[in-house]
Amino acid sequence: MGTGFSHCLQIFPTSDIKRTSQFYEEIGFRAVNYLDADEPHVCLYRDSIEIVLTMTDVEVVPNRIRYGYGYDAYFVAYGLQEIEQELMELNVKIVRPLTITDYNNHELVFEDVDGRWIAVGNKQ
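Residues numbered from 1 in each chain as written. Predicted model: local features only at pLDDT ≥ 70, side-chain atom pairs only at ≥ 80, totals over all residues. Heavy atoms only, no water.

Peer 1: Mind showing me how you'd approach the pairing of strand β5 (residues 73-76) here?
Peer 2: Regular strands show a simple pattern: their side chains alternate between the two faces of the sheet. Across the two faces of β5 the burial differs, with Ala73 and Phe75 buried and Tyr74 and Val76 not buried at all. With 4 bridges connecting them, β5 and strand β8 (residues 117-123) associate as parallel partners. Paired with Phe75 across the bridge in β8 is Val120. (Buried < 20%, exposed > 50% of the residue type's maximum accessible area, 1.4 Å probe, protein only. Helix = DSSP H or I, 4+ residues; strand = E, 2+ residues; numbered from the N terminus. Pairing = 2+ DSSP bridges.)

If you want it as structure tokens, here you go:
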């Protein structure tokens, strides 16, 4: 695969693409809609993070429920105290406040509108 990777993206299926897009826009993502495409989707951008929302008719089941534990996405970020404060001011559910994990990451976890747990952190 070489060494040319610059970032990755997350693909989030959702049964209500407009509601999910609105949630991410409210926390600072920029949305680009492709709802008239053959495969309707919305691209969300913030810094070097990209999320692609796709439509589904089935219920979204977060990883922690489907597999017993785990996040649905992990975003590497800095300025974690500011991010946590921003999320709290926007009344986003903080599942785990900013802490140092047992695997030595600075990390916080929030829940999105579809019940996904999104970790934000970095190596100490």
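Peer 1: Help me understand the sheet that holds strand β7 (residues 105-111) in this model?
Peer 2: The strands making up a sheet associate through backbone hydrogen bonding, with each pair oriented either parallel or antiparallel. Read from one edge to the other, the open sheet built from 4 strands follows the order β5-β8-β7-β6, with strand pairing classed as mixed. The open sheet has two edge strands with one neighbour each: β5 and β6 (94-100). The mean inter-strand angle of the sheet, taken between neighbouring strand axes irrespective of direction, is 20 degrees. In the packing of helix α3 (residues 80-89) onto the sheet, contacts are made with β6, β7 and β8, and the angle to β6 comes to roughly 160 degrees. (Axes fitted to C-alpha atoms, helices over the stretch in contact; angles between N-to-C directions. Contact = heavy atoms within 4.5 Å.)

Peer 1: Mind showing me how you'd approach the side chain of Glu107 here?
Peer 2: Of note, Glu107 is situated in strand β7. The buried charged residue Glu107 lacks any salt bridge, with Arg96 as its nearest oppositely charged partner at 5.1 Å. A distance of 2.8 Å separates polar atoms of two side chains, one belonging to Glu107 and the other to Tyr103. Not counting residues up to four positions away in its chain, the partners in contact with Glu107 are Tyr71, Tyr74, Leu80, Pro97, Leu98, Thr99, Thr101, Ala119, Val120 and Gly121. (Lys, Arg positive; Asp, Glu negative; His and termini not counted. Salt bridge = Lys/Arg side-chain N within 4 Å of Asp/Glu carboxyl O. Polar contact = N/O pair within 3.5 Å; in protein donor to acceptor, adjacent residues only side chain to side chain.)

Peer 1: What should I look at first to understand the nonpolar core in this one?
Peer 2: Within soluble globular proteins, side chains that are nonpolar generally end up buried alongside one another. Judged by nonpolar contacts, the single largest core of 22 residues is most densely connected at Tyr24, Ile27, Ile51 and Phe110. Elements with a minimum of two residues in this core: α1 (17-26), β3 (41-46), β4 (49-55), β5, α3, β7 and β8. Dropping the residues within four chain positions of it, Tyr24 is found in contact with Phe12, Phe29, Leu44, Ile51, Asp112 and Ile118. (Core = buried A, V, L, I, M, F, W, Y, C linked by side-chain atoms within 4.5 Å.)

Peer 1: Would you explain the packing of aromatic side chains in this entry?
Peer 2: Each aromatic ring pair is specified by the distance between its two centres and by the angle formed by the two planes. Inspection of every chain in the model, using the stated rule, returns 4 aromatic pairs. A ring pair is formed by Tyr24 and Phe29, whose centres lie 5.4 Å apart and whose planes are at 90 degrees; its orientation type is edge-to-face. Taking relative accessible area as the criterion, Tyr24 reaches 0% and is therefore assigned buried. Classification of Phe29 by relative accessible area gives buried; the value is 8%. Clustering of aromatic rings is evident, with ring pairs tying together Phe12, Phe23, Tyr24 and Phe29. (Phe/Tyr/Trp six-rings, centres within 6.5 Å; stacked < 30°, edge-to-face > 60°.)

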